[in-house]
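# A closer look at the structure
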Amino acid sequence: MHVLNLHFSNYRNLEDKSINPCENINIIYGDNAQGKTNLIEALWLFCGGHSFRGAKDSEFIKFGKDFAKISINFFAQNREQTAEIIFTNSKREVKINGVKKISSSALIEKYTAVVFSPEDLSLIKRGPSVRRKFIDSAICREKLQNAVMVAKYNQILNQRNALLKDINRNPELESTLEIWDDTLCSIGADIIIQRLSYIEKLKEYAKIYHRGISDNTEELDISYISSMGANSKDGKKEIFEKFAEELKNSRREDLYSGYTNIGPHRDDIEIIINNKKAKIFASQGQQRSAVLSLKLAEAKVLKELTGENPVVLLDDVLSELDKKRQDFLINKIKEYQVFITCCDFVDKNSLENGKYFYINDGRIE
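Now for a look at the structure at hand. Note that this is a predicted model, so its numbers are computed, not measured.

## A word on helix 10 (residues 323–331)
Those residues of helix 10 that fall on the buried side of the exposure criterion are Arg325, Gln326, Phe328, Leu329, Ile330 and Asn331. Those residues of helix 10 that are buried are in contact with strand 3 (25–29), helix 5 (177–213), helix 9 (284–306), strand 12 (311–314) and strand 13 (338–342).

## Structural notes on the layout of surface pockets
Approximately 1200 Å³ is the volume attributed to the largest pocket. Every element with two or more residues in the lining of the largest pocket is listed here: helix 1 (36–45), strand 8 (113–116), helix 2 (122–125), helix 3 (128–142), helix 4 (144–169), helix 5 and helix 9. In terms of residue count, helix 3 provides more of the lining of the largest pocket than any other element does, nine residues in total.

## Quick word on the pattern of salt bridges
According to the stated counting rule, one finds 25 salt bridges in the structure shown. Salt-bridge contacts for Arg251 lead to Asp181; the nearest nitrogen and oxygen are separated by 3.4 Å. Here Arg251 is found in helix 7 (residues 251–257), whereas its partner Asp181 is found in helix 5, with 70 residues between them in sequence.

## Some words on the side chain of Ser117
With respect to the helices and strands, the residue Ser117 is situated in the loop between strand 8 and helix 2. A polar contact of 2.9 Å, which involves the side chain of Ser117, links it to the side chain of Glu119. Those residues in contact with Ser117 that sit more than four places away from it in its chain are Phe52 and Asp315.

## Looking at the sheet that holds strand 9 (residues 220–225)
With antiparallel pairing, three strands are arranged side by side in an open sheet as 9-10-11. Each having just a single partner strand, strand 9 and strand 11 (276–277) make up the two edges of the open sheet. Alignment of strand 10 (residues 268–273) against strand 11, held across two bridges, turns out to be antiparallel. Each residue of the ladder has a partner; that of Ile272, found in strand 11, is Lys277. Taken strand by strand, helix 5 contacts strand 9 and strand 10, and its axis lies near 170° from that of strand 9.

## Here's the deal with the packing of aromatic side chains
Under the defined criterion, the tally for this structure stands at six aromatic pairs. Relative to Tyr111, the ring of Phe46 lies with its centre 6.0 Å away and its plane at 65°, an arrangement referred to as edge-to-face. With Phe46 in the loop between helix 1 and strand 4 (67–76) and Tyr111 in the loop between strand 7 (99–101) and strand 8, the pair connects residues that are 65 residues apart, well separated along the chain. The exposure class assigned to Tyr111 is buried, which follows from its relative accessible area of 2%. On the numbers, 5.6 Å between centres and 80° between planes, the contact of Phe74 with Tyr111 is edge-to-face. With Phe74 in strand 4 and Tyr111 in the loop between strand 7 and strand 8, the pair connects residues that are 37 residues apart, well separated along the chain. The pair Phe74 / Tyr111 is uniform in exposure class, with both members buried. Taken together, the aromatic side chains of Tyr11, Phe60 and Phe87 make up a single cluster linked through ring pairs. The ring centre of Phe281 lies 5.7 Å from the NZ or CZ of Lys276, which sits over that ring.

Rules used throughout
- Residues numbered from 1 in each chain as written.
- Predicted model: local features only at pLDDT ≥ 70, side-chain atom pairs only at ≥ 80, totals over all residues.
- Heavy atoms only, no water.
- Buried < 20%, exposed > 50% of the residue type's maximum accessible area, 1.4 Å probe, protein only.
- Helix = DSSP H or I, 4+ residues; strand = E, 2+ residues; numbered from the N terminus.
- Contact = heavy atoms within 4.5 Å.
- 1 Å grid on protein atoms, 1.4 Å probe; cavity = no way out; pocket = protein on both sides within 12 Å on 5 of 7 lines; lining within 4 Å.
- Points joined across faces, edges and corners; volume = space filled by probe spheres on them.
- Salt bridge = Lys/Arg side-chain N within 4 Å of Asp/Glu carboxyl O.
- Polar contact = N/O pair within 3.5 Å; in protein donor to acceptor, adjacent residues only side chain to side chain.
- Pairing = 2+ DSSP bridges.
- Axes fitted to C-alpha atoms, helices over the stretch in contact; angles between N-to-C directions.
- Phe/Tyr/Trp six-rings, centres within 6.5 Å; stacked < 30°, edge-to-face > 60°.
- Lys NZ or Arg CZ within 6 Å of the ring centre and 35° of its normal.

The structure is reproduced here in structure tokens:
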């Protein structure tokens, strides 16, 4: 798939405009705080309506205006399609191919993209919750059913945690825990199966990309760390039984803490570079290269699962990368439509096939 046209009105600091990117590499350059990331964010919002910066809808609306509108014309599923999102302070309206939709989640099965931003370095630097969010976001974009499954698990988990706290005041309620446990184990097993399957695909592509980015000087590996000892050889029955057994073993601890201490919400992903934990030993450049490899591998897995090449959005990706790694990114991922933001102007002679957009104070040239 690829974007044919993007139009925005009253969107953040960007001047109202339509842009027509090329199908290959699109370089968006300009000084800091001019609107480069806003443009990348607008392209990302069509994945399901959530900002990768965690922004609220009201933040998309230009100061002094009542609404913001972004619309896109893109080619996917062998035909040209359109999508539109209108933001107001009270609601948002989504249309796909001219038809109004109840929720932004309807966009998931139409438009696919992968985004890298500097905040994604937290995948390595920060705690397990960030890496769980990464993997769940990825499997949810594979299909809407996974998004429903993850939301349902979190709902059941919150209800179980609320019950754990109530049991401390009303001990007779403990017998009702098993009702929640069965559902939690069933949905949790499904989530773990999806995660394990995804990691197995992701790690192979990530290894290949990381070798290319590092010019064959580094080896990247990824593994899934399960709080209940589940692995890729287990089926749903085995994972369900392991989860149920560990829940029983941790019940006293759960009751004491008022929180469920075992489950996919406690799992992690370990990232290794040259047989060393990236979180502890990797330099800034190595961390950036590893996250880029994960993101490009994510794009590859999406293509494998959906049959469509996702749009690749790379925000401030070139900083802290040497010339060889920059060259790989600019010229070696030609199968995708790519949008790259940077502060420094990239020499046009270094770009084999692409288009440039200059942003200054929200004006795009």
